Amino acid sequence: MSCSKLLFLIFIHLFLCKPIFAEKILSLSEVPKSFLSFAKKDEVFDWMVGIRRKIHENPELGYEEFETSKLVRQELDKMGIPYKYPFAITGVVGYIGTGEPPFVAIRADMDALPLQEMVEWDHKSKNHGKMHACGHDAHVAMLLGAAKILQQHSHLLKGTVVLVFQPAEEGGGGAKKMIEDGALENVEAIFGIHSSTFLPPGEVSTRSGPLLAGSGFFEAVISGRGGHAAIPQHSIDPILAASNVIVSLQHLVSREADPLDSQVLTVGKFQGGDAFNVIPDFVTIGGTFRAFSSESLLHLKQRIKQVILGQAAVLRCNATVNFEAENKIFFPPTVNNNDLHKLFKTVAGEMLGAAGVKEMQPLMGSEDFSFYQEIIPGYFFFVGMKDETLEQPTFHHSPHFTINEGGLAVGAALHASLVVRYISDGRTVIDHRLHDEL
Ligand SMILES: *[C@@H]1O[C@H](CO)[C@@H](O)[C@H](O)[C@H]1NC(C)=O
């Protein structure tokens, strides 16, 4: 090559291919660390913290996340990220990348809990009786953080990332409605994050296979015949019948379930009677049951009904059982895809080091992310947000709940790194058969 030709080529390269010089090309294994540094930059991190605090001050319950949803859309607008709205009343779905397959989703839930915040700080909830006591405010901030990272690195995406902001995770089954409204159309895999107050920032935990239990709820009305407490022979006592019912229900897990197949049945509601000397007409009881397979859940459901009707009849009462009281629905178990688990361990390990990636025991809690996992491979994991200034970790769903915002950068960077890796080389190894047995 002549010298002048070479100079000409260098000239062309310098002026026409400037981005190559402006931005170092990242190898896939460099992506996680590089995304984490990006998320820790003041302008990105402070912006995420600001979003989290704004949402924390204005908590909204399931299917009422109107302001939260508006804030999400405003931030997507500012970043120039297209989205569709509404899904499931307040849900938003954003799109980053080529607009072509493969489509892979990352998800955040937006709803708060009916709880009065007891933490005194500058950004305490301004909505009386409502609080972000499960960290969903942080989940939204991390998903927007991931959106910013991905938008800045969209040249790395050879496919489309679908940002799923869903309503009503806390018992409302928002995920189910998002699916019914088409939020997962064409999407082939999905990732979801939950905050953890037991791990410090920089640590994550999860496992392959069953992670969280499936759950159901029941309510029963046990009716007898009310009367004078001193003349029981003229009444049919539903308090005693309900008490027998509750004791008998305890036998389902202790005597009928396989001890190695973890299950829980708890009666949390018992209402009946107002006076010391009156036998009431009826008693209402209610509770929840949990298990790690749909089969065990359905078995419990059937036996709960039989035991309630049968035990009520023993004491001459009638009973009705309702499994959909207060619009509660069944949640399937949250079961992590094993191939996505391998991908997660690689990516999280590159970002946080092997010591930062913990294996966890399954929990009996439930999560409506499981609805997504019923139709496509999905992966759910916990990101450390322990407030290390406290002696004892705070618990989710407690009015004293706090998080360490330092964890936001890790969550955002992991979301973004996982989908880049999935699209680049992860999807070919994913077993797309769904779990139908555990
Ligand atoms: C139970 O239901 C039967 C049939 O409807 C009725 O005859 C009976 O009085 C009811 N018993 C009580 C205690 O409500």
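Fair warning: this is a prediction, and the values are worked out from it, not measured in the lab.

## Observations concerning the overall build of the protein chain
1) Next: Counting secondary structure elements, the protein chain contains 12 helices and 16 strands.
2) Next: Along the first, second and third principal axes, the C-alpha atoms of the protein chain reach 115 × 45 × 40 Å.
3) Next: In the protein chain, buried positions account for 50% of the 438 residues.
4) Next: When contacts within the protein chain are restricted to residue pairs at least 6 apart in sequence, those whose partners lie at least 24 apart make up 81%.
5) Next: With an accessible surface of roughly 20200 Å², the protein chain has 56% of that area assigned to carbon and sulfur atoms.
6) Next: In the protein chain, 38 positive and 50 negative side-chain charges are present, and the distance between their average locations comes to 3 Å.

## Remarks on the packing of helix α3 (residues 31-40) against helix α6 (residues 136-152)
Helix-helix packing: each pair is described by the crossing angle between the helix axes and the interaxial distance.
1) Next: Contact geometry for α3 and α6: axes closest at 10 Å, N-to-C directions at 115 degrees. Seen along the crossing, α3 lies across α6 with a hand that is right-handed. Contacts between α3 and α6 pair Phe35, Phe38 and Ala39 from the former with Lys148, Ile149, Leu150 and Gln152 from the latter.

## A look at the UniProt feature "binding site: Mn(2+) 2" (unreviewed entry) in the protein chain
1) Next: The positions that UniProt labels "binding site: Mn(2+) 2" (unreviewed entry) are, in the present scheme, Cys134, His136, Glu170 and His194. For the annotated residues, spread through 61 residues, the largest C-alpha to C-alpha distance comes to 12.9 Å, consistent with a single compact locus.
2) Next: By secondary structure assignment, the location of Glu170 is in the loop between β4 (160-166) and α7 (174-180).
3) Next: For Glu170, a relative accessible area of 26% corresponds to the partly exposed category.
4) Next: Leave out the neighbours within four places in its chain, and Glu170 touches Asp111, Ala112, Leu113, Cys134, His136 and His397.
5) Next: Here His194 is to be found in strand β5 (residues 187-196).
6) Next: Using a relative accessible area of 8% as the deciding quantity, one classes His194 as buried.
7) Next: Every residue in contact with His194, bar those within four places of it in the chain, is listed here: Cys134, His136, His139, Glu367, Phe380, Phe381, Phe382, Val383 and His396.

## A look at the side chain of His139
1) Next: Its location among the elements puts His139 in helix α6.
2) Next: On the accessibility criterion, His139 (2% relative accessible area) is buried.

## Quick notes on the sheet that holds strand β12 (residues 282-291)
1) Next: Reading across the sheet, the 4 strands line up as β10-β12-β8-β13 and stay open at both edges, with antiparallel pairing between neighbours. Single-partner strands in this sheet number two, and they are β10 (263-271) and β13 (318-322). When the angles between neighbouring strand axes are averaged without regard to direction, this sheet yields 20 degrees.
2) Next: Relative to the sheet, helix α8 (residues 238-256) contacts β8 (214-223), β10 and β12, its axis offset from that of β10 by approximately 170 degrees.
3) Next: Here helix α9 (residues 294-314) sits on the sheet and contacts β8, β10, β12 and β13; the angle it forms with β12, its principal contact strand, is near 160 degrees.

## Let's talk about the packing of α3 against helix α10 (residues 338-352)
1) Next: Where α3 contacts α10, the two axes come as close as 7 Å, and the packing angle between them is 55 degrees. As the angle between them shows, α3 and α10 are arranged oblique. As α3 runs across α10, the sense of the crossing is right-handed. Listed contacts from α10 to Pro32, Lys33 and Leu36 of α3 are Val347, Glu350, Met351 and Leu352.

## Quick notes on the site of the ligand
1) Next: Near the ligand you find Ser223, Gly224, Ile236, Arg316 and Asn318, and these make up its full shell.
2) Next: Split by residue class, the shell around the ligand holds 1 nonpolar, 3 polar and 1 charged.

Criteria and thresholds
- Residues numbered from 1 in each chain as written.
- Predicted model: local features only at pLDDT ≥ 70, side-chain atom pairs only at ≥ 80, totals over all residues.
- Heavy atoms only, no water.
- Helix = DSSP H or I, 4+ residues; strand = E, 2+ residues; numbered from the N terminus.
- Buried < 20%, exposed > 50% of the residue type's maximum accessible area, 1.4 Å probe, protein only.
- Contact = heavy atoms within 4.5 Å.
- Areas by Shrake-Rupley, 256 points an atom, 1.4 Å probe, with all protein chains shown as cover.
- Lys, Arg positive; Asp, Glu negative; His and termini not counted.
- Charge placed at Lys NZ, Arg CZ, Asp CG, Glu CD.
- Axes fitted to C-alpha atoms, helices over the stretch in contact; angles between N-to-C directions.
- Left-handed = near helix turned anticlockwise from the far one by under 90°.
- UniProt positions renumbered as here; feature names shortened; annotations may be inferred.
- Pairing = 2+ DSSP bridges.
- Parallel < 35°, antiparallel > 145°, perpendicular 65-115°, else oblique.
- Near = heavy atom within 4 Å.
- Nonpolar A, V, L, I, M, F, W, Y, C, P; charged D, E, K, R; others polar.

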